[in-house]
Amino acid sequence: MSTIHKAFLLTAACLFWGVHAARAQDPAHPNSVEITRGANAAVNFSFALNLPQLLHRMLAPKSTYAAFLQAQVELPDPALERELSKVSASWSERAFFTLPSGAKVFLKQWQLPDAQSLRDAFKTSLILLNLPPKTAVHADPMVVTAMVQPKTPVSRAQLQLPAAMHPLWVVLKTDKFWLTDQIPMAIVELD
């Protein structure tokens, strides 16, 4: 069974089960992140991202979404891995906590989905673009993880994440809020 056939069956299954959401061109799920305290002062980030749209904004904002998806579907694995390395490096430079001392602690160890999962997401998104406008289907968000490893436990810090992820719904144990282009950073309390 070809990959395109698998993607078509996935789309048909979504239609069958009546998944309700916005049109494929619109973000069906807002990008979100759950922040939790880990071991040894680490802070873990678990993102749920609309990666095809996010990568389009980051890698080829001047091309159409359909042209970007088609190019990514045809991109050889080594080239796709290089693109993802660029994205991880960009996020590592733009995602950080600013501690009360003024020091910045950057998010590291970004874990993106494997190349085949991303390629499948690009194919599914491309198929969804070709469905009639009133069809209520969407691609599910993809999980991306990262972490901050300060030298000592952090209880309060200013959080800033890449603008390409905006709007981003942030979920902490004791708080929930949006990061947007108008509100790109927030003070977080980590319990």
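Described in the following lines is the structure provided in the data block. (Residues numbered from 1 in each chain as written. Predicted model: local features only at pLDDT ≥ 70, side-chain atom pairs only at ≥ 80, totals over all residues. Heavy atoms only, no water.)

**A look at helix 4 (residues 77-94)**
- Between its first and last C-alpha, helix 4 extends 26 Å over 18 residues, near the 26 Å set by a 1.5 Å rise per residue.
- Within the span of helix 4, buried status applies to Ala79, Leu80, Glu83, Leu84, Val87, Ser88, Ser90, Trp91 and Ser92. (Helix = DSSP H or I, 4+ residues; strand = E, 2+ residues; numbered from the N terminus. Expected span 1.5 Å × (residues − 1). Buried < 20%, exposed > 50% of the residue type's maximum accessible area, 1.4 Å probe, protein only.)

**Focus: helix 2 (residues 51-59)**
- Taken together, the buried positions of helix 2 are Leu51, Pro52, Gln53, Leu54, Leu55 and His56.
- Of the surrounding elements, those touching the buried residues of helix 2 are strand 2 (43-49), helix 3 (65-74), helix 4, helix 5 (115-129) and strand 6 (142-148). (Contact = heavy atoms within 4.5 Å.)

**Comments concerning the nonpolar core**
- Ranked by internal contacts, the top residues of the largest apolar core, which has 48 residues, are Phe45, Phe47, Trp91 and Trp110.
- By residue number, the principal contributor to this core is helix 5, which donates six residues.
- In this structure, Trp91 is in contact with Leu49, Leu51, Leu54, Met58, Trp110, Leu112, Val144, Pro162 and Met165, ignoring residues within four places of it in sequence. (Core = buried A, V, L, I, M, F, W, Y, C linked by side-chain atoms within 4.5 Å.)

**Side note on the sheet that holds strand 10 (residues 185-189)**
- The four strands lie next to each other as 4-3-7-10, forming an open sheet whose pairing is antiparallel. What marks the edges here is a single partner per strand, and that holds for strand 4 (104-106) and strand 10. Strand-to-strand, the axes of this sheet are offset by a mean angle of 30°, without reference to chain direction.
- Relative to strand 10, strand 7 (residues 156-160) runs antiparallel, the two sharing five bridges. Note on strand 10: the bridge partner recorded for Gln160 is Met185. (Pairing = 2+ DSSP bridges. Axes fitted to C-alpha atoms, helices over the stretch in contact; angles between N-to-C directions.)

**Focus: the pattern of salt bridges**
- Taken as a whole, this structure holds four salt bridges when the rule is applied.
- Two residues, Asp77 and Arg119, come together in a salt bridge whose shortest N-O distance is 2.4 Å. Linking Asp77 in helix 4 with Arg119 in helix 5, this pair joins segments that are 42 residues apart in sequence.
- Classification of Asp77 by relative accessible area gives partly exposed; the value is 42%.
- Look at Arg119 and you get buried, because its relative accessible area is 7%.
- Between Lys86 and Glu83 there is a salt bridge, with the nearest N and O atoms lying 3.3 Å from each other. Placement of the pair is Lys86 and Glu83 together in helix 4, with a separation of three residues, close to one helical turn. (Salt bridge = Lys/Arg side-chain N within 4 Å of Asp/Glu carboxyl O.)

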